[in-house]
Amino acid sequence: MLLGCRSQVDEVLKFIKNKLESHVVLNTTSYDHKLLEQKDEGRTVWYSAYRMPWPIDSRDCVWETLEVIQEDGRGLCLGRSVRHKKAPARRGYVRVDMRHCGGLLDPCPENPNHTVFTFLGQADLKGWIPGVAGNLASVAQAECVKRLKKHFKPKKVDEAAYW
């Protein structure tokens, strides 16, 4: 999915890296979200649980992220499932296998103060899921990207408040 947003690459990537803030904004079904390990400046390991509608079992995921600004000014954010000693399997949850997820953040050619975000994600949700629910999960991922754009949308300002 390709989307533009009204902020520079470094500002968008800074928001994405701050998972305690961004994950809540972008993933509305997520709860019990926590940092498991800070490996270095660009790499972290996270845990999140996701509520699913009845009769589908709730899901959880442990994933490692890499978020960096490259020398050419482009941003890169990648994620994949990992195992971690601080997050063993939980009873009542099905562990999602995030094969790869992330995106490229490019300065917009027409306006370098804007960012073009190209998103790619592939996950095995595991367990039983009706076909329509799997399709809705794909739509939900697209909604995450739309929420990123909305987060950076300029806020309307009441000019009278400044005078």
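Note that the coordinates shown come from a computational prediction; the quantities given were computed from them, not determined experimentally.

Colleague: Got a minute to help me understand the pairing of strand β3 (residues 43-50) in this structure?
Modeller: Two faces belong to every sheet, and in a regular strand the side chains alternate between them. For β3, the tally of buried residues reaches seven of eight residues, placing the bulk of the element in the interior. Taken together, the six bridges between strand β2 (residues 30-38) and β3 define a ladder with antiparallel strand orientation. Looking at the pairing, Glu37 lines up with Val45 of β3. Linkage of β2 to β3, two consecutive antiparallel strands, is achieved through a turn of four residues. In the sheet, β3 pairs with strand β4 (residues 58-69) via eight bridges, with the strands oriented antiparallel. Across the sheet, the residue bridging to Ala49 is Asp60, located in β4.

Colleague: How do you make sense of helix α1 (residues 9-17) when you look at a structure like this?
Modeller: For an α-helix, 3.6 residues make a turn, and residues three or four places apart therefore share a direction. Every buried residue of α1 is accounted for by Val9, Val12, Leu13, Phe15 and Ile16. Axial view of α1: buried residues confined to an arc of 155°, hence all on one face.

Colleague: How should the environment of Val96 be read in this particular structure?
Modeller: Topologically, Val96 is positioned in the loop between β6 (93-95) and β7 (97-107). Taking the C-alpha atoms as reference, Val96 lies 6.0 Å from Asp124; in sequence the two are 28 residues apart. Among all residues touching Val96, those that are not within four sequence positions of it are Arg59, Asp60, Cys61, Ser81, Ala123, Asp124 and Leu125.

Colleague: Would you mind showing me how to read the confidence of the model for the chain here?
Modeller: Detailed reading of the predicted coordinates is not advisable wherever pLDDT falls low. Residues at a pLDDT of 70 or more form 84% of the chain, whose mean pLDDT is 80. Between the elements of the chain, mean pLDDT differs from a low of 55, seen in strand β1 (residues 2-5), to a high of 93, seen in β6. Within the model, the stretch residues 157-163 combines pLDDT values under 50 with one contact to residues more than four positions away or in other chains.

About the criteria used
Residues numbered from 1 in each chain as written. Predicted model: local features only at pLDDT ≥ 70, side-chain atom pairs only at ≥ 80, totals over all residues. Heavy atoms only, no water. Buried < 20%, exposed > 50% of the residue type's maximum accessible area, 1.4 Å probe, protein only. Helix = DSSP H or I, 4+ residues; strand = E, 2+ residues; numbered from the N terminus. Pairing = 2+ DSSP bridges. Arc of directions from axis to C-beta. Contact = heavy atoms within 4.5 Å. pLDDT = per-residue confidence, 0-100.

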